[in-house]
Amino acid sequence: MSENILWFKEIGINDIPKVGGKGASLGEMVNNNFPVPGGFVITSTAYFNFVRGAGIQEQIVSKIDAIDVENTAQLENVSKEVRLLIKSTPMPSEIKQEIIEDYQQLNIEESDGVNTLVAVRSSATAEDLPDASFAGQQETYLNILGNEDVIRSVQDCWASLFTARAVYYRKKQGFDTKSVGLCAVVQKMVQSEVSGIMFTADPTGDETKIIIEAGFGLGETVVSGSITPDNYVVDKETLELKNKRMNHQEFMLVRENGKNTEIKLGENKAKIQKMSDEKIIELAEIGKRIEDHYKKPMDIEWAMEGNELYIVQARPITTLESGKKAEEESKGEVETSEKPILEGLPASPGIITGIVKVVPSIDDIVKVNKGDLLVTKMTSPSWVPVMKKASGIITNEGGRTCHAAIVSRELGIPCVVGTERATLELADGQEVTIDGTNGLVYDGKIEIVLKEEKIEVLKDEDVDILEDKLVEESKSGMMEHDTLAKVEEIQKDFGKKKFSEMDGKLQEKEEEEILDVLGDIAIKVKVNVALPDAAEKAAATNAYGVGLLRAEHMITSSGMHPAEFVRQGKEVELKNIVKEGIRIVASKFEGPVWFRTFDARSDEFRELAGGEKELNEDNPMLGWHGIRRDLDSPAMLKAQLLAIKELRKEGQKNVGIMLPFVQSIEEILEAKKIAKEVELQEEVDFGVMVETPASVWIIDEIIPHVKFVSFGTNDLTQLTLGMDRNNEKVQKNFTELHPAILREIEYVIKKCKKAGVVTSICGQAASNPEMVKKLVWFGIDSVSANIDAVENIRKVVMLEEKKRILDYISSNPEKAEGFFHKLLHK
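Overview of the structure. Every value quoted in this text rests on a predicted model; they were computed, and no experiment measured them.

The rules behind the values
- Residues numbered from 1 in each chain as written.
- Predicted model: local features only at pLDDT ≥ 70, side-chain atom pairs only at ≥ 80, totals over all residues.
- Heavy atoms only, no water.
- Helix = DSSP H or I, 4+ residues; strand = E, 2+ residues; numbered from the N terminus.
- Buried < 20%, exposed > 50% of the residue type's maximum accessible area, 1.4 Å probe, protein only.
- Contact = heavy atoms within 4.5 Å.
- Areas by Shrake-Rupley, 256 points an atom, 1.4 Å probe, with all protein chains shown as cover.
- Pairing = 2+ DSSP bridges.
- Axes fitted to C-alpha atoms, helices over the stretch in contact; angles between N-to-C directions.
- Salt bridge = Lys/Arg side-chain N within 4 Å of Asp/Glu carboxyl O.
- Phe/Tyr/Trp six-rings, centres within 6.5 Å; stacked < 30°, edge-to-face > 60°.
- Lys NZ or Arg CZ within 6 Å of the ring centre and 35° of its normal.

**With respect to the overall build of the chain**
Turning to step 1, where the next piece is worked out: Looking only at helices and strands, the chain has 31 helices and 31 strands in total.
Turning to step 2, where the next piece is worked out: Among the 826 residues that make up the chain, the fraction classed as buried is 57%.
Turning to step 3, where the next piece is worked out: A sequence separation of at least 24 residues applies to 68% of the contacts in the chain between residues at least 6 apart.
Turning to step 4, where the next piece is worked out: Total accessible area on the chain is roughly 34300 Å²; 47% of this is exposed by carbon and sulfur atoms.

**Remarks on the sheet that holds strand β29 (residues 708-711)**
Turning to step 1, where the next piece is worked out: Pairing within the open sheet is parallel, and its eight strands lie in the order β30-β29-β28-β27-β26-β25-β24-β31. In this open sheet, the two edge strands, each paired with only one partner strand, are β30 (758-761) and β31 (782-785). Strand-to-strand, the axes of this sheet are offset by a mean angle of 30 degrees, without reference to chain direction.
Turning to step 2, where the next piece is worked out: Here four bridges tie β29 to β30, and the two strands are oriented parallel to one another. Each bridged residue has a counterpart across the sheet, and for Val709 the counterpart in β30 is Thr759.

**Describing the pattern of salt bridges**
Turning to step 1, where the next piece is worked out: Evaluated as defined, the whole model comprises 36 salt bridges.
Turning to step 2, where the next piece is worked out: Close ionic contact of Glu58 with Lys178 constitutes a salt bridge, the shortest N to O distance being 3.2 Å. Taken together, the positions of Glu58 in helix α3 (residues 57-65) and Lys178 in the loop between α8 (164-172) and β5 (183-188) put the pair 120 residues apart, joining distant regions of the chain.
Turning to step 3, where the next piece is worked out: Assessed through its relative accessible area of 40%, Lys178 is described here as partly exposed.

**Considerations on the environment of Val359**
Turning to step 1, where the next piece is worked out: Secondary-structure assignment places Val359 in strand β17 (residues 351-359).
Turning to step 2, where the next piece is worked out: With 69 residues separating them along the chain, Val359 and Asp428 place their C-alpha atoms 9.1 Å apart.
Turning to step 3, where the next piece is worked out: Beyond its immediate stretch of four places on either side in the chain, Val359 contacts Asp364, Ile365, Lys367, Val368, Leu374, Val375, Thr376, Lys377 and Trp383.

**Remarks on the packing of aromatic side chains**
Turning to step 1, where the next piece is worked out: Per the stated rule, a full pass over the model turns up six aromatic pairs.
Turning to step 2, where the next piece is worked out: Summarising the aromatic geometry, the rings of Tyr47 and Trp158 are spaced 6.0 Å apart at their centres and angled 70 degrees between planes, so their arrangement reads as edge-to-face. Taken together, the positions of Tyr47 in helix α2 (residues 44-53) and Trp158 in helix α7 (residues 147-159) put the pair 111 residues apart, joining distant regions of the chain. By the burial criterion, Tyr47 is buried, and Trp158 matches it.
Turning to step 3, where the next piece is worked out: Here the aromatic rings of Phe50 and Trp158 are separated by 5.0 Å at their centres, their planes lie at 25 degrees, and the arrangement is stacked. Of this pair, Phe50 sits in helix α2 while Trp158 sits in helix α7, and the two are 108 residues apart along the sequence.
Turning to step 4, where the next piece is worked out: Each residue in the set Tyr47, Phe48, Phe50 and Trp158 is aromatic and connected to the rest through ring pairs, giving one cluster.
Turning to step 5, where the next piece is worked out: Lying over the aromatic face of Trp7, Lys9 brings its terminal NZ or CZ to 5.8 Å of the ring centre.
Turning to step 6, where the next piece is worked out: One cation-aromatic arrangement involves Lys524 over Tyr544; the distance from NZ or CZ to the ring centre is 5.6 Å.

**Here we look at the sheet that holds strand β15 (residues 342-343)**
Turning to step 1, where the next piece is worked out: Strand order in the open sheet formed by eight strands is β15-β22-β21-β17-β18-β19-β20-β16, with mixed pairing between adjacent strands. The two strands at the open ends of the sheet, each matched to only one other strand, are β15 and β16 (345-348).

Set out below in structure tokens:
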């Protein structure tokens, strides 16, 4: 038996020190007759023999040990030097020859002597690279063919031991550079028609289910999160398929012309179920047998080629004890005898018990596994991929309008922000319970009962009283049916049509006042969307449209700063990313979708490629962002406008353009000039965010150049009150209900209504029932709430509209009969 190479059939689960966790698991499954493609493992001993035999070990150790890991530039540069050293150093002939001989033997066993396509993957040893800290840091190479490519990929795999992120972790945790090694798995490549991941228990705690995620093509797209796979739920006991959710897949990864290539899927294939029900059950049965063998729930990577299923990796689900997510409940009083260990601001409702992972910076995000509780200082847009893994979030900083709060609400996971000391008080592996509804964190797993709060808008007796009063006030006898039903019929009708569509249908002069009142009360409820992944969830709210579609999160999955696309001359790629993000959302709605152009502060995308080139501003909130930055970088704005232009040509014509952080007329005119340069049609709706006091007080000048305005109350409140919205210390005084804010909003609404410009609101205040009640009386045209608040806000609007009707009838009893007659018989 060679010390450098072990075949799967020579390996068992107890060989982790020699072949790493991945290699040991593959060997264990092969020896127990699971459908695993053949292969072998190049041991960590081979790595050490390579660096010592080639005479480069001391160079590696001295370079790595000299790094100050807090010096990002030094960390990146030196780690790159080490990787290049490993890749460029010739492999000792005896090791190289042994790998080639074993690869040729694999060819004989798997392909009758013809060169076999293989995957080369890293496999970390438990002693050196604990999975909890270092999983996913080393590279995987797919579709490798021939002796030289295999040798090169093995060296590339070894070199990935010294990525900047891996070096940072090991230095922080005190690992001896000289003792750190890596194994490489060489395995026959499955040319996957369908592939994905299978959990033999729901990672959030339900062990009665098997969860399968599936996508077309190679599995790396599912593992990396670059596509949204189908999701299938199977009952583990009965193997009955309980639930299926098919997701739209834009592209798949395949081998074409000798390389891995992204292939765009046609519309029909993109939306179909990725595998048959029979294959889903067959895969679940294999998963159940693997769990029975290991005697623990497993996280399994699988692939299907030619209708045959294969297992390419299996490991225990390390996050299973993260707890079972509680159903989201209405805000109310906590019933528990336990005392919280941390208090913050309630940012996203719900209760969850789970395992803490403290993440000091973006470089530490790889330690977060599916179902963990993410604990950090504060998140930014580049954190979104890891936030999607978390089952709950706790931050030191931030208010209820911060990034962590906004994204958590959209993801539907509990979140507490502004705790000040979460990263200091909590530790990795600690079990805690998050009460995102009330902003509390408890030690351990505890039961929390939330008393239901009697919310006025939901009380049926209030509706009954209003109904009776309305009938009493309109005694003319013209009511042939139930008054409330007729009022709801009116609201439903006006909720589907623009007020302008009704204008002119009633021509008589005495009806003008009725139309004025109806124009005020026909308020549409829209929804805010930050993540294209949340489009389906947003559409399920039956919102009229999207009042705020944020651009920033569309580009985080690309890994590159939007400005870096421009610097590298990749404007077309940027345009395509934005276009696809908008399409995913806009296609789910019939009503208008207002796309807000880029509004990322200079401190929000630093972790993306090119982000290190961003300005170091003392106050990014007041700095180079919003429309002012897009005008300074017109190529970035053009990419966004071209995306909308192309969508319109393809029939997606419900997208409007909303300019953020406007403070002058010149900004609007310059943006429209650029739109004209790219030949974006005149009929596209242009609007602005009213989020600076300047935009409030120059509204008369703005109105002739826009079709709509939308209040961004997060910034408007911050700038009007002179208060940092992300500073937890001042949150007690941060309120959109301040008289100054209310007067600004009412002033703009009246000006716009007189001019026929549509008004809306998309800030956090649009999800606040008390604010929405006031907006109804101000005469706003629509409100755009967070996904989790749409239904409640819809009820608030309905009740306040009824109050407006009642108020009108009460004030004008002589007009009651004509009022209802014109409404019901128009």
